[in-house]
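# Coordinate analysis (summary)
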Amino acid sequence: MVYTLMEIRQETDYVLHHAQKVIGIFAAMRDFARHLAAQGHRVHYLKIDDADNRQSLPANLDCLIERYQAQRFEYQLPDEWRLDQQLRQYCQNLAVSNQACDSEHFYTQRKDAGELFGNQPHWLMENFYRRMRVKYCVLLDANQRPLGGQWNFDHDNRKAWPGVPAAPYDNRLRHDHAELWQDIVAAGVNSFGEAGADDFRWPLNRAQALQQLDAFIADGLPLFGAFQDAMSRRSWRLFHSLLSFALNSKMLNPREVVERAEAAHRQGQAPLAAVEGFVRQIIGWREYVRGVYWAKCRRICRKTISATTGRCRPGSGPAKPK
């Protein structure tokens, strides 16, 4: 078996990405490749500036299948319709056997929200969220009723932040990705936003992501609920978890994040309103947005494919959870 990871212009260029997203994904991929190799796995890694990088997924796969004389091709189902269609079409023409494996980094499957709502005119997230709570037994009492006697504590989570208590200190590890950023720029990749490559704080791997989760549960979660909708010039992050990158890049599983938050409440470390508000972001909004995307993306994305470039225009990809 050969594990293949690619930094390709196909993915950096189909829309304009924030610089930190490009750096974070490339840096995490490189770290993961080192981890796989250290575990004794065969790894083929294509950097953005490698001479043999064809800069497209199908072209690179063709070369690698031929190089390794592969008899089977397997991939994990992507989280974007554009890639899903590309890989499906690619496999239709493959001479070798192939298989797609579903992701384990969501509670639901792609089709679940569509099957739940069907032809209903209104797809209310709150209805979806309550079903998720019951199905996965999250924040329920012994009678399968919501803890605290109500499903939603949103009315308790709309406070303005007066400046106290102080927001948690940003204790995330710092990385210097200046050299990587130079390679990205030299390769001609365009982006927007401040790169901050020499003081980069997004996690590289699962161990760092778990440290960030630990810090949030201890220092951010207790006050997350009350100020989750607050904004202030005095604090750029307030009590938010900053876990979206780790979740979306699959360093963390949403189940372990929800279980840690729920355990914090049961152990008296965080109030119910704060935990419920946070859990709603994960098993409510995150799963709901994904479900709506896969239920509606076929119609929406087909309308936004450019006839001249074959690329999805900005706005055609999945909405990102809070």
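Below you will find a few notes about this structure. Bear in mind the structure is a predicted one, so any value in this text is a computation, not a measurement. (Residues numbered from 1 in each chain as written. Predicted model: local features only at pLDDT ≥ 70, side-chain atom pairs only at ≥ 80, totals over all residues. Heavy atoms only, no water.)

### Some details on the packing of aromatic side chains
On inspection of all chains with the given rule, the structure shows 13 aromatic pairs. Where F216 meets F278, the ring centres are 4.8 Å apart and the plane angle is 45°; that geometry is what we call tilted. Of this pair, F216 sits in helix α8 (residues 206–224) while F278 sits in helix α11 (residues 272–304), and the two are 62 residues apart along the sequence. There is no split in this pair, since F216 and F278 are both buried. Measuring from centroid to centroid gives 5.6 Å for F224 and F278, while their planes differ by 85°, and the two rings are edge-to-face. Remark: F278 occurs in helix α11 and F224 occurs in helix α8; sequence separation between them is 54 residues. By the ring-pair criterion, three or more aromatic residues cluster together here, those being F117, W123, F128, W285 and Y288. (Phe/Tyr/Trp six-rings, centres within 6.5 Å; stacked < 30°, edge-to-face > 60°. Helix = DSSP H or I, 4+ residues; strand = E, 2+ residues; numbered from the N terminus. Buried < 20%, exposed > 50% of the residue type's maximum accessible area, 1.4 Å probe, protein only.)

### Looking at the pairing of strand β5 (residues 97–101)
Pairing analysis gives five bridges linking strand β4 (residues 72–76) to β5, with the strands arranged parallel. Looking at β5, one finds that Y75 is bridged to A100. The handedness of the β4 to β5 crossover, carried by helix α4 (residues 81–92), is right-handed. (Pairing = 2+ DSSP bridges. Right-handed = clockwise from strand over helix to strand, strands pointing away.)

### Brief notes about the packing of helix α3 (residues 57–68) against α4
Between α3 and α4, the least distance of the axes is 11 Å, while the angle of their chain directions is 40°. α4 is crossed by α3, and the crossing has right-handed handedness. On α4, the residues touching L57, P58, L61, D62 and I65 of α3 are L83, Q86, L87 and Y90. Among the residues forming the contact of α3 with α4, the class breakdown is seven nonpolar, one polar and one charged. (Axes fitted to C-alpha atoms, helices over the stretch in contact; angles between N-to-C directions. Left-handed = near helix turned anticlockwise from the far one by under 90°. Contact = heavy atoms within 4.5 Å. Nonpolar A, V, L, I, M, F, W, Y, C, P; charged D, E, K, R; others polar.)

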